[in-house]
Structures are given as C-alpha cells and as structure tokens.
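Each chain, letter by letter, is given below.
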Amino acid sequence: MKADELCDRFMQEFHAQPRIFTAPGRVNIIGEHTDYNDGFVLPCAIEFSTRVAISPRVDRKLVLRSTEFSEPFDVDLNSLPRKPVGTWADYVVGVAVILRAAGYAIHGANLLVHGEVPIGAGLSSSAAIEVATALALLSLSDAKPRLQEIAKLCQRAENEFVGAHVGIMDQFVSCLGKAGYALLLDCRSLEFEMVPVPPEVKLVICNTMVKHEHSGGEYNRRREECEKGVRILSTEFPGIRALRDVTHEQLSSCANAMPPMIYKRCLHVVEENQRVLRAVECLRSANLAHMGRVMRESHVSLRDLYEVSCRELDIMVEEAEGLPGFYGGRMTGGGFGGCTVNLVTSSEAEAFRERIAERYLRRTGISSDIYICSPADGAAVAVKLASM
Ligand code: GLA
C-alpha cells in the first residue's frame, strides 16, 4: 500500500490529515545470537516496512487501528496497561509505555498501522512497528532523541513490555540501515560502520513458512544459558563481562568446568563473533566465495551448537547447494522457523528463486515465499522526508 492510500484510509477512519512514519524490517547477513552477548552483528534493512499514520487528538486517548487486524484498540493515557494483551497493539502500547517511563511526553493520538514485513518470519516485523510507532508518537512532542536512543527505547519496549528479551540488532538497523550497505554493529559500544554489499549480489530470503515466536521460551532460555556460561568463565577469568570478552583458549580451558550444553552455546557465540569480522573482510574485498563459506559455517554452528534451527530451515539451506550463482546461505534471525538468507549473483537470482521454491516444495510439501532483496534505507530517511 502506497503512502497516499494509507493517508486516504486514515482520513476515512479519523477525518484528519495524518503524518506518516516508516520503518523497515531487516535481514541479518551474519552474527546470530551475538547481540545480547555484547558481540558483533551484520544486518541490513530490507524493502519491507511498516508505516504508522498519526494525527493528534484533543483528549488523552490513543486510538489504534490496523489495516491487517480487525480488532481495534483504544487506551487511555491516564491508565496505560501494565501487561501485554497478546495482540498486535502490544508493540504500539509497549512503545508508548516505555517512552513515557523514559520521560517523553505522550499526547493523545489516532494511529493507523500498516505492516508489510512478513510476520513471524524472522524479518523483524516487531522492530519495524516499534520504530515507526516511536517516531510517530515522538513527532507530537518537542523531543528529538537521536535514532540510537530510539532504537534502545524500542528494544526496552520489547524486553520490558512485550516480554521478549531480544538484543539491540533489529531496532538499531531498522533505524539506521542504509541502501546498498550492511551495518556492522558493535552491540556493546553501539559504534557502527557501513559496509558496502557488492551490487553484483542479491540477498535472497527464503521463507520456510514455519512461524517462530520470540516471546516463547527457547529464545529467552538461550540468553540464560549464555549468562550461565559467563558466570562460570568469570570465576576463572574475572575480567569477563559477556561472551564477547571470551577467547577460544579461555573457553577451551573451562570446558570441563561447564555442562557440555553450556559449552556448546558459548562456543557458537565466540566463533560467530569471529565469523562476523571475517565476513566484513570478505565483503570489503568482494571475496564472495569465502563469504559464502563463512555463512555456511554459521548455519552449521546454529544447527549443531546453538540448536536454534529446525528441519525446514536445514532443508532450505541444503537445497540451495549447487544452484547456479549461489555463494552461501544460512538461517537468519532468532531461528526455530522463519527464513534463510542466501548470497546469490544478481543475474541468477530469479532462476534461484524458482529452483529453490521447487526443491523445497518437493522435500517438505510446503510452498515457500522467496524475496529477492538488496539492502534498503532505515527509518532515518523516512524521518527526513516526514520533516521536509
Ligand atoms: C532476534 C532478536 C535479535 C537477535 C536475533 C538472533 O531477531 O530480536 O535481537 O538476538 O534474534 O541473532
């Protein structure tokens, strides 16, 4: 839906002229389950995004509507809910709750949300709605926090209100992604660098159509397992605050002091951080064959050490092998379903789309959605446009 169509829908519903804010989903090229371990990630924003149209109200209500979900949701700003109710509106209300807790003035408003990021596919539809909502709500106040700050507030909304203990990656790249570039983020310092993605390749995203759920237990459990690893490692090496600080040698020397499962989780994170830095070198030198190998290694590690893959993701990864123009691929996002990301020569991307869909259908009986993507702009650009 184009911005002017959304504008028309909004005027029919609320009889007022809205301003529209946009934030994209993301695909993570590499660096999985490293963000909440203070490590490195290399995501990029994608062309699927969520738009939030907003107009002010004179009363103290947030009146929330969605173009996809029929249930309306109205809340009184004087008695904002403390808990999620389990609907789409939680992400919007969560952002309002956290912005207010952080000292930003929230005014009564009408909001119409239109999301085009596939839901439950590991492409961060939740970060997209959070960031677009934050920009929309903040546009009615005089506050102009930096985008880095907005990303942190949106992460808090998901952690503290929705209850998914996600890291900072998704919200950060949704805010600060840039067309043509992947974003190398140091999740401890939040320093970042833009790394060009060679134009001769596309990121082909293959949706297994198996939906995942973050607020479900496995994601939060992985976080706890990493924290357990850190507790054990830091008794031996007191300087260690997060798995980011751990070397291979330090981890090996503690192998007997920790349960094998905790060791495997830690090993994945330590090696995945190194893989991100290797991948950046590969992109910079346009060594795509090596980049593909690093992506494959990441998948194997997520499957065998971190244990967040699933049969369908593994099949999608296996079936890409041998297709023309394919350099490498892996599961992307939290796992347990969702998508794979594949590095494919641009001129072969269309043929790859068809062949992988056929192969996956043959093995699983499931028709998949395949998206041919290039790194897109984050919400920053939309903010500029909206304030012009
Ligand atoms: C989800 C979370 C991110 C990150 C990934 C795994 O997408 O939202 O913060 O932890 O999983 O890399």
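Everything numeric in this text was worked out from a predicted model, so none of it was measured. Each residue is numbered by its place in its chain's sequence as written, counting from 1. The predicted origin of the model limits local features to residues at a pLDDT of at least 70 and limits the giving and counting of side-chain atom pairs to 80 or more, whereas totals for whole chains, interfaces and linings rest on all residues. Calculated side-chain values reflect all of the structure's heavy atoms, with hydrogen atoms and water omitted.

**Q** Describe the domain arrangement of the chain, with residues and values.
**A** Accessible area lost when the parts come together is the quantity often used to give the size of an interface. The split into domains, and so the bounds of each, comes from an automatic or database assignment of domains. For the chain, the domain assignment lists domain 1 (3-196) and domain 2 (201-373). Taken over C-alpha atoms, the centre of domain 1 sits 25 Å from the centre of domain 2. Two residues form a contact once any of their heavy atoms are found within 4.5 Å. Facing the 39 residues of domain 1 at the interface are 46 residues of domain 2. By definition, the buried area sums, over both parts, the 1.4 Å-probe accessible area that each loses when the two are put together. Between domain 1 and domain 2, roughly 3500 Å² of surface is buried when both sides are summed, and carbon and sulfur atoms account for 62% of that area. For the domain 1 face of the interface with domain 2, the top three residues by lost area are I30, E32 and H33, together amounting to 18%. We count a salt bridge whenever a side-chain nitrogen from Lys or Arg sits within 4 Å of a carboxyl oxygen from Asp or Glu. Scanning the region where domain 1 abuts domain 2 turns up 4 salt bridges. Measuring nitrogen to oxygen at the nearest pair gives 2.9 Å for the salt bridge that ties D186 to R244. Polar contacts, as used here, are pairs of N or O atoms within 3.5 Å; protein pairs need one atom able to donate a hydrogen and one able to accept it. Residues neighboring in sequence count only if both atoms are side-chain atoms. The interface formed by domain 1 and domain 2 holds 22 residue pairs in polar contact (both at pLDDT 80 or more) in total. Helix and strand labels come from DSSP, where a helix needs a run of H or I of at least four residues and a strand needs a run of E of at least two; each type is numbered from the N terminus. Mapped onto the side of domain 1 that touches domain 2, the elements with two or more residues apiece are β1 (19-30), β2 (40-56), β6 (181-186) and β7 (192-196). It is β2 that contributes the most residues to the side of domain 1 that touches domain 2, 7 residues altogether. Classes in brief: Ala, Val, Leu, Ile, Met, Phe, Trp, Tyr, Cys and Pro nonpolar; Asp, Glu, Lys and Arg charged; the others, Gly included, polar. Classifying every residue of the side of domain 1 that touches domain 2 gives 20 nonpolar, 11 polar and 8 charged.

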